[in-house]
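# What the coordinates show
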Number of protein chains: 2
Amino acid sequence: MKFDLSQAEENYLKAIYSIGIDTGKSVNTNQIALMMKTKASSVTDMVKKLSDKGLVEHKKYKGTILTRKGESIAVNTLRSHRLWECFLVDTLQFNWDEVHDIAEQMEHIKSDSLVDRLDQFLSFPSYDPHGDPIPDKNGVIKHHKNVMLSSVVAGDSCIVIGVKDSSSSFLKFLDNASIRLGNEIKVVTVEDFDQSMQIEIENKMITVSYQISKNLYVKK
Amino acid sequence: MKFDLSQAEENYLKAIYSIGIDTGKSVNTNQIALMMKTKASSVTDMVKKLSDKGLVEHKKYKGTILTRKGESIAVNTLRSHRLWECFLVDTLQFNWDEVHDIAEQMEHIKSDSLVDRLDQFLSFPSYDPHGDPIPDKNGVIKHHKNVMLSSVVAGDSCIVIGVKDSSSSFLKFLDNASIRLGNEIKVVTVEDFDQSMQIEIENKMITVSYQISKNLYVKK
DNA sequence: TAAAATTTTTAGACAAGTCTAAAAATTATT
DNA sequence: AATAATTTTTAGACTTGTCTAAAAATTTTA
Ligand SMILES: [Mn+2]
Ligand SMILES: [Mn+2]
Ligand SMILES: [Mn+2]
Ligand SMILES: [Mn+2]
């Protein structure tokens with residue numbers, strides 16, 4: 001069966017996928033509504049439609065999970081989104097804070113070979129500009145384990161490998177603070193009261209709030 | 001006033017623009033319906049909406065013309081379409097018969113600088129893969145004069161500079177016959193009965209029907 | 001475990017874009 | 001100029017995706 005989904009349907013599948021990855025369990029209607037910036041009643045309607053198409057399984061008042069087929073579509077859409085973000089940054093020289101909304105549109109372009117050709121043109125990148133892993137042609141995706149800067153203890157060092165929040169305001173803050181993917185961060189002190197951290201990056205000492213540190217993926 | 005039009009609205013403006021360019025006069029409802037592959041009643045509805053937005057002027061039962069603003073949007077959409085076609089052929093190595101439907105989607109991506117950055121990346125091309133002129137950043141477009149192969153007389157030679165029909169079947173036929181943009185064609189004989197031509201191209205003699213010859217733009 | 005709070009679903013409405021069928025206006029034909 | 005043919009518009013309906021308000025189910029709290 002060949003599917004041609006609307007942009008709305010693809011966006012819902014992506015949302016259900018990403019909530020499911022984070023939580024493991026089946027996904028609540030309200031969580032989807034929150035992520036999609038819409039109302040619970042709209043979610044109920046859409047989930048019903050996706051269920052009719054065999055893309056999710058839904059138990060009334062219980063929750064929603066993707067079927068194998070639904071997950072495959074979600075992952076393909078993510079692949080498309082992240083490859084277009086690479087294109088926008090690497091090829092068209094956009095800044096990493098400018099590309100999300102554009103990729104949000106481009107991910108829905110329908111074509112049999114477009115995304116694979118783009119992948120080839122970009123030399124098969126593994127990560128998008130925000131450090132998120134790019135699924136391969138077969139939908140295989142390597143999740144990097146979720147170690148946040150907030151969990152690093154005073155005295156330890158780590159490397160920035162990704163951002164959890166891709167909002168323009170957060171990314172602009174990072175630019176300003178010289179916090180970029182690949183940079184080393186040394187945690188100097190952690191404030192007991194509000195979890196704020198003094199960190200050393202690019203030979204400068206700065207203070208970052210918990211809000212910041214819990215949105216940065218790092219590795220040892 | 002900043003406009004954010006739907007894909008349908010942009011497609012209608014493009015259709016009205018291209019019919020207007022060919023005919024000069026104001027555009028009939030049925031002509032639009034034919035080009036948009038829709039019904040006259042749908043056109044009436046949409047024309048009313050575009051008129052309310054100040055993008056077309058419409059006189060009941062008489063016809064429709066683009067306003068300055070409407071024409072500007074149509075030309076920008078055309079620019080986007082043709083630049084994406086260049087990208088698909090030049091950068092992603094699609095064949096010229098594969099790109100129209102994809103560009104038909106990509107032309108609608110909303111972003112302030114995307115198309116201009118794409119233009120720069122492609123080194124400001126003047127023509128798309130089908131020989132159609134690409135409007136510049138300011139919407140200035142050079143129409144090449146419409147000389148068709150069908151109007152070339154026996155004994156004369158010309159260069160292929162564009163195709164009027166961009167359908168995949170026509171373009172595949174041209175590929176097969178080695179008829180490509182830039183190639184020279186010598187018209188050897190023209191059949192009085194059905195206007196079919198014997199032509200010499202790439203040192204081969206072939207016969208092309210009037211259907212073919214009236215869809216090829218040429219220059220001396 | 002019964003009442004209260006929360007979550008989810010249902011019911012009914014709306015805008016965009018499309019369609020069919022019928023009415024109205026225009027153009028062509030006699 | 002009257003009739004016929006064609007074009008265009010109107011009227012009403014349908015689909016998709018959304019919303020608000022109210023009802024129903026579930027979970028929390030006391
Ligand atoms: Mn999207
Ligand atoms: Mn990203
Ligand atoms: Mn289009
Ligand atoms: Mn073209």
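Our structure's up above, just so we're on the same page.
The residue numbers shown here count from 1 along each chain, following its written sequence. Starting at A for chains and at 1 for ligands, labels are handed out in the order in which the entities are written. Per-residue local features of the predicted model are confined to residues with pLDDT of at least 70, and side-chain atom pairs are confined, for both listing and counting, to 80 or more; whole-chain, interface and lining totals are unaffected and use all residues. Only hydrogens and water are set aside; all other atoms, that is, all heavy atoms of the structure, feed into the side-chain values.

On to the pairing of strand β2 (residues 63–66) of chain B, then. Residue and element names in this part refer to chain B. For two strands to count as paired, DSSP must find a minimum of two bridges between them. Starting at the N terminus, helices and strands are each numbered in turn, a helix being any DSSP run of H or I of at least four residues and a strand any DSSP run of E of at least two. Relative to β2, strand β1 (residues 56–59) is paired through four bridges, and the arrangement is antiparallel. Each bridged residue has a counterpart across the sheet, and for His-58 the counterpart in β2 is Thr-64. Hairpin connection between β1 and β2: a loop of three residues separates the two successive antiparallel strands, and Tyr-61 in this loop has a positive phi of roughly 65°.

Looking at where Asn-76 of chain A falls in the secondary structure, it is placed in helix α4 (residues 68–91). Linking Asn-76 of chain A and Val-140 of chain A, residues 64 residues apart in sequence, is a C-alpha distance of 9.7 Å.

Octahedral six-donor coordination of a metal ideally yields angles of 90 or 180 degrees, compared with 109.5 degrees for tetrahedral four-donor coordination. All names here are of chain B. Within the protein, the manganese ion (ligand 3) binds to Asn-11 (OD1), Glu-104 (O), Glu-104 (OE), Glu-107 (OE) and His-108 (NE2); these donor distances fall in the range 2.1 to 2.5 Å. Expressed as a motif, the donor residue spacing for the manganese ion (ligand 3) is N-x92-E-x2-E-H. In this structure Glu-107 comes out as buried when scored by relative accessible area, which is 4%. Only N, O and S atoms count as donors, using a 2.8 Å cut-off from the metal and 3.2 Å for Na, K and Ca, and because water is excluded some sites may appear unfinished. In this scheme, a residue with accessible area under 20% of its type's maximum is buried, one over 50% is exposed, and one in between is partly exposed, where area comes from a 1.4 Å probe on protein chains only.

One non-glycine residue, Phe-124 of chain B, lies in positive phi territory at about 50°. Here Phe-124 of chain B shows up in the loop between α6 (114–121) and β3 (157–163).

Throughout, the term near means that a residue has one or more heavy atoms lying within 4 Å of the molecule or strand in question. Surveying the vicinity of DNA strand C reveals 20 residues, the closest of which are His-58 and Lys-60 of chain A together with Ser-6, Thr-38 and Lys-49 of chain B. The sugar and phosphate moieties of DNA strand C supply 74% of its atoms located within 4 Å of the protein. For the purposes of these results, a polar contact is taken to be a pair of N or O atoms within 3.5 Å, where, inside protein, one atom must be able to donate a hydrogen and its partner to accept one; residues adjacent in sequence count only when each atom of the pair is a side-chain atom. A distance of 2.5 Å separates a phosphate oxygen of DNA strand C from a polar atom in the side chain of Thr-38 of chain B. A distance of 3.4 Å separates a sugar or linking oxygen of DNA strand C from a polar side-chain atom of Tyr-61 of chain B. For the surface near DNA strand C, the elements supplying multiple residues, two or more each, are α2 (29–36) and α3 (40–52) of chain A together with α3 (40–52) of chain B. Residue composition of the surface near DNA strand C, by class: four nonpolar, 10 polar and six charged. Note on residue categories: nonpolar means Ala, Val, Leu, Ile, Met, Phe, Trp, Tyr, Cys or Pro, charged means Asp, Glu, Lys or Arg, and polar means any other residue, Gly included.

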